[in-house]
Amino acid sequence: MGDRIDFRDGRWIVPDRPVIPFIEGDGTGPDIWRAARRVFEATVQKVSDGKRRVEWLEVLAGEKAFKTVGSWLPDATLDTIRQHRVAIKGPLTTPVGGGIRSLNVSLRQLLDLYACIRPVRYFEGVPSPMREPQKLDVVIFRENIEDVYSGVEYRAQSSEADAVIEFLTEHFKAKIRPGSAIGIKPMSKFGSQRLVAKAIQYAIQSGRKSVTLVHKGNIMKFTEGGFREWGYEVAKQRFGEQTVPEEDPGRGKGDGGRVVIKDRITDAMFAQLVLRPDDYSVIAAPNLNGDLLSDAAAAQVGGLGLAPGGNVGDGYAVFEATHGTAPKYANLNKINPSSVILSGAMMFEELGWSDVAAAIVRGLAGAIKARRVTYDLARLMPNATEVSTSTFADCIIEHV
Ligand code: NAD
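Residues numbered from 1 in each chain as written. Predicted model: local features only at pLDDT ≥ 70, side-chain atom pairs only at ≥ 80, totals over all residues. Heavy atoms only, no water.

**Here's the deal with the environment of Val120**
You can see Val120 is positioned in strand S6 (residues 115-121). For Val120, a relative accessible area of 3% gives the class buried. Measuring from C-alpha to C-alpha, the distance between Val120 and Val139 comes to 6.0 Å, with 19 residues separating the pair along the chain. Val120 has contacts with Leu136, Asp137, Val138, Ile140, Ser294, Ala297, Ala298 and Val301, leaving out every residue within four places of it along the chain. (Helix = DSSP H or I, 4+ residues; strand = E, 2+ residues; numbered from the N terminus. Buried < 20%, exposed > 50% of the residue type's maximum accessible area, 1.4 Å probe, protein only. Contact = heavy atoms within 4.5 Å.)

**Side note on the pattern of salt bridges**
In a structure, side chains of opposite charge can pair up when their charged atoms sit close to one another. Enumeration over the complete set of coordinates arrives at 27 salt bridges. With its nearest N and O atoms 2.9 Å apart, the salt bridge here joins Glu24 to Lys64. With Glu24 in the loop between strand S3 (19-23) and helix H1 (29-48) and Lys64 in helix H2 (residues 63-69), the pair connects residues that are 40 residues apart, well separated along the chain. Given the relative accessible area of 15%, Glu24 is considered buried. (Salt bridge = Lys/Arg side-chain N within 4 Å of Asp/Glu carboxyl O.)

**Looking at the environment of Ala384**
With respect to the helices and strands, Ala384 occurs in the loop between helix H12 (375-378) and strand S17 (385-386). In this structure Ala384 comes out as partly exposed when scored by relative accessible area, which is 24%. Sequence spacing of Ala384 and Ile368 is 16 residues, and the spatial spacing of their C-alpha atoms is 9.1 Å. Contact partners of Ala384, with chain neighbours within four places excluded, come to Arg371, Val373 and Ala378.

**Observations regarding helix H10 (residues 338-350)**
Here H10 contains 13 residues, and its C-alpha end-to-end distance of 18 Å stays within 8% of the 18 Å for a straight helix at 1.5 Å per residue. Among the 13 residues that make up H10, 11 are buried, leaving the element largely enclosed by the rest of the structure. Those residues of H10 not exposed but buried are Ser338, Ser339, Val340, Ile341, Leu342, Ser343, Gly344, Ala345, Met346, Met347 and Phe348. Trailing H10 by a residue or two, Gly352 shows a phi angle of about 90°, which is positive. (Expected span 1.5 Å × (residues − 1).)

**A look at the site of the ligand**
Lining the immediate environment of the ligand, one finds 16 residues, of which Leu92, Thr94, Gly324, Ala326 and Asn336 sit closest. Separating an oxygen atom of the ligand from a backbone N or O atom of Leu92 is a distance of 2.9 Å. In the environment of the ligand, an oxygen atom lies 2.7 Å from a nitrogen or oxygen atom belonging to the backbone of Gly324. Its free accessible area being 810 Å², the ligand has 62% of it covered by the protein chains. (Near = heavy atom within 4 Å. Polar contact = N/O pair within 3.5 Å; in protein donor to acceptor, adjacent residues only side chain to side chain. Areas by Shrake-Rupley, 256 points an atom, 1.4 Å probe, with all protein chains shown as cover.)

**Examining the environment of Asn144**
Summarising the element assignment, Asn144 is placed in the loop between strand S7 (137-143) and strand S8 (153-154). Along the primary structure Asn144 and Val312 are separated by 168 residues, whereas in three dimensions their C-alpha atoms are 9.2 Å apart. Ignoring any residue separated from it by four or fewer positions in sequence, one finds Asn144 in contact with Arg108, Leu113, Tyr114, Ala115, Cys116, Asn287 and Asn311.

**A few points about the layout of surface pockets**
Size it by volume and the largest pocket reaches roughly 1300 Å³. Along its surface, the largest pocket is lined by 44 residues, and Tyr202, Gln205, Met346, Glu349 and Glu350 are the ones closest to its centre. Counting residues per element, the ones that place at least two in the lining of the largest pocket are strand S2 (11-13), S6, S7, helix H6 (189-205), strand S14 (308-312), H10 and helix H11 (354-369). Looking at the lining of the largest pocket element by element, the count peaks at 6 residues for H6. Grouping the amino acids of the lining of the largest pocket by side-chain chemistry returns 26 nonpolar, 7 polar and 11 charged. Of the residues that make up the lining of the largest pocket, three or more belong to each of domain 1 (1-126 + 303-400) and domain 2 (128-143 + 187-301). (1 Å grid on protein atoms, 1.4 Å probe; cavity = no way out; pocket = protein on both sides within 12 Å on 5 of 7 lines; lining within 4 Å. Points joined across faces, edges and corners; volume = space filled by probe spheres on them. Nonpolar A, V, L, I, M, F, W, Y, C, P; charged D, E, K, R; others polar. Domains from an automatic or database assignment.)

Following this line, the structure appears as structure tokens:
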């Protein structure tokens, strides 16, 4: 029997036998979850000498939930995740044309998971389009709730869009073509600052050198420009001793071990990640910028198949594979389980089991370096041996 994870005074309280709910996912989900779970169990056992152990608790979502209990997203699943605070999930089918809620959106709203965290780093041996892919090692904190993704959007020529246009034209002399579709971009000081604060906290705790605020404030002065301004402000007010702005005239040549806070315009940032990747470490961005940057950065180091992700709030977190269900490979024991495995490493890191997280990453890096990899990597890597999902998990465990 396990115990519940708790969260008090801004800290996770993690028992030696935490109960962690999981959603295995649709399509190839069961294949990759089986492999990942074996890697997690073997690593926790090995690193803690058997003292720690996760009690996995299955919760239903997606096709499996629909077949079993007639709902794509049962309330019981949301309740269980809320009770246990931390969960991990495989990919889920998004049914086309149904009026169902998306699990990610539901969880994000219910648990206020305001930071989407995506670490992007290179693993030796993985084929990449870059000459020096190892130079990119960033952790992207993307705001998850606000911005143009907040869902305040009206169809062209709808009464809502027409009313908004009429209001803005009449009261603020805004120039908007009649009949336009309208989307609203709300960005708050509260929402921006808690995201930036989380990124800075992470940088301090993990000994990273800088946090870069990525924004388009040169054009969108009050929303994106606000993000920049509020970001610097929270750095100064809450982390004044541990951070220093890049432009600080007193900074001279050194930063005294403090985290440097800098900002870049979004378009320049895409170029910077390609041209000077090692100038960047932690990145904090509004929702849309962060979304685009995460996938572009992942492509630089060899694609989404290896990219993990986590949606994190205060006292709640859900970690997930960032790819889809890849249905044509379902039940073939063929697909690459790395994304969900690295998401698990992120989860253990968040919970303070850094030893487990490091061991999982070491195991995965070892398996890739030994060139015993799943088909997606094997077909692009010279002298690689293609192995199945489950054998790849064995290779990881060998290298832990
Ligand atoms: P997909 O990610 O499933 O597949 C895209 C391509 O990548 C395919 O060629 C697939 O074979 C390959 N691929 C994906 N994951 C891989 C892995 N781990 N190893 C090797 N190759 C891999 O995207 P899709 O085909 O657009 O979507 C399929 C389903 O997944 C849809 O129902 C979609 O809504 C859903 N989806 C879910 C999530 C999620 O739950 N987070 C994310 C994206 C898509």
